[in-house]
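Single-letter residue listing:
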Amino acid sequence: MPELPEVETIIRGLRPDLVGKRVQSVDLRWARTLATPSPVEFKKRLRGQKIEAVTRRAKYIHLHLSKGHLLIHLRMSGDLLLRERTQAPEKHDRLILTLSNGSSLAFNDARKFGRVWLTDNPDEVLARLGPEPLDAAFTSQVFYERLQAHRRQLKPLLLDQSFLAGLGNIYTDEALHMAGLHPRTKSDLISREQVEDLWRAVRDVLQEGIRRNGASIDWVYRGGEFQNHFRVYDRGGEPCPVCGTAIQRILVGQRGTHICPTCQPKVGD
DNA sequence: CACGAGACCTGTTCGC
DNA sequence: TGCGAACAGGTCTCGT
């Protein structure tokens, strides 16, 4: 479910309830959720820690603790929820932290792809990430140079978190449609003007996603409403909002991809 | 280096 | 209704 706007929505919601609280107890219900350290170490080091800040880097949730850092990646189906301490664990809860204010923080993840790290050096996990797309440092010139440095299909490149951090399948399709670019276009073949359009599209679509509290599809519901404003994603067969042509669903880099064949003509190759 | 296939998992939806 | 196949918001590793 979660891409940058969904993760941003989650941390904004949780932050006021988490900052200043202490971890009283740790209930690890699916051991493989833990990337590092060992379960025994994890519990020992986490208990008693105070949550000092809640931030986001790309799709990672970052809890800054009095000593150490808890990083959480929700992957496909993860969710982070505040519960009443008295509430019984739910079916897919993988980790539950009981907090000092009588609530608990539950990491729920049906597909078990999500991961949690407890580390003194968050860079061990985050260092390989590319630029943060909404950062002031991510200029269209930086984007242009990075695109030129590769000869790859645009969509898989935009999904590569070491190239640009935070986009997922939804926002990539939306941004490429907004910029009028075909997802298979080679990254070094687009003009400076097209890069400018794509740069603006990426930032606009992420900001719109955040403004609408993210997108919620299917049974993994979070209360966002961006799903009601998709231009192409999950809209195969429906008319393109710009030109009316039927939206196509194709496969690019093994990911379902949605394009308007009129607005996003193939280039180069 | 770029790309495809397969793995990791469970749940929902679609087609027959 | 039943049942298998296809598919899902992500990322990693391996082989070509």
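Conventions we followed
Residues numbered from 1 in each chain as written. Chains lettered and ligands numbered in written order. Predicted model: local features only at pLDDT ≥ 70, side-chain atom pairs only at ≥ 80, totals over all residues. Heavy atoms only, no water. Near = heavy atom within 4 Å. Polar contact = N/O pair within 3.5 Å; in protein donor to acceptor, adjacent residues only side chain to side chain. Helix = DSSP H or I, 4+ residues; strand = E, 2+ residues; numbered from the N terminus. Nonpolar A, V, L, I, M, F, W, Y, C, P; charged D, E, K, R; others polar. Phe/Tyr/Trp six-rings, centres within 6.5 Å; stacked < 30°, edge-to-face > 60°. Buried < 20%, exposed > 50% of the residue type's maximum accessible area, 1.4 Å probe, protein only.

We now examine the protein's contact with DNA strand C. Around DNA strand C sit 21 residues in total, of which His-73, Ala-215, Ile-217, Tyr-233 and Arg-249 are the nearest. Near-protein atoms of DNA strand C (within 4 Å) split between backbone and bases, with sugar and phosphate holding 53%. Between DNA strand C and His-73, the relevant distance is 2.7 Å, taken from a phosphate oxygen to a side-chain nitrogen or oxygen of the residue. Measuring from a phosphate oxygen of DNA strand C, one finds a side-chain N or O atom of Arg-249 at 2.6 Å. Contributing elements (two or more residues each) for the surface near DNA strand C: helix 6 (169-179) and strand 11 (255-259). Each residue belonging to the surface near DNA strand C can be placed in one class, and the counts come to eight nonpolar, six polar and seven charged.

How two aromatic rings sit relative to each other is set out by the distance from centre to centre and by the angle between their planes. Going through the model one piece at a time under the given rule, you end up with six aromatic pairs. With a centroid separation of 5.6 Å and an interplanar angle of 55°, the aromatic rings of Tyr-60 and Trp-117 are classed as tilted. Placement of Tyr-60 in strand 4 (residues 60-65) and of Trp-117 in strand 9 (residues 115-119) is noted, with a sequence separation of 57 residues between them. Residues Phe-143 and Phe-163 carry aromatic rings whose centres are separated by 6.2 Å and whose planes lie at 50° to one another, so their mutual orientation is tilted. Note that Phe-143 is positioned in helix 4 (residues 140-148) and Phe-163 in the loop between helix 5 (154-159) and helix 6, a separation of 20 residues in sequence. When sorted by exposure, Phe-143 lands in the same class as Phe-163, which is buried.

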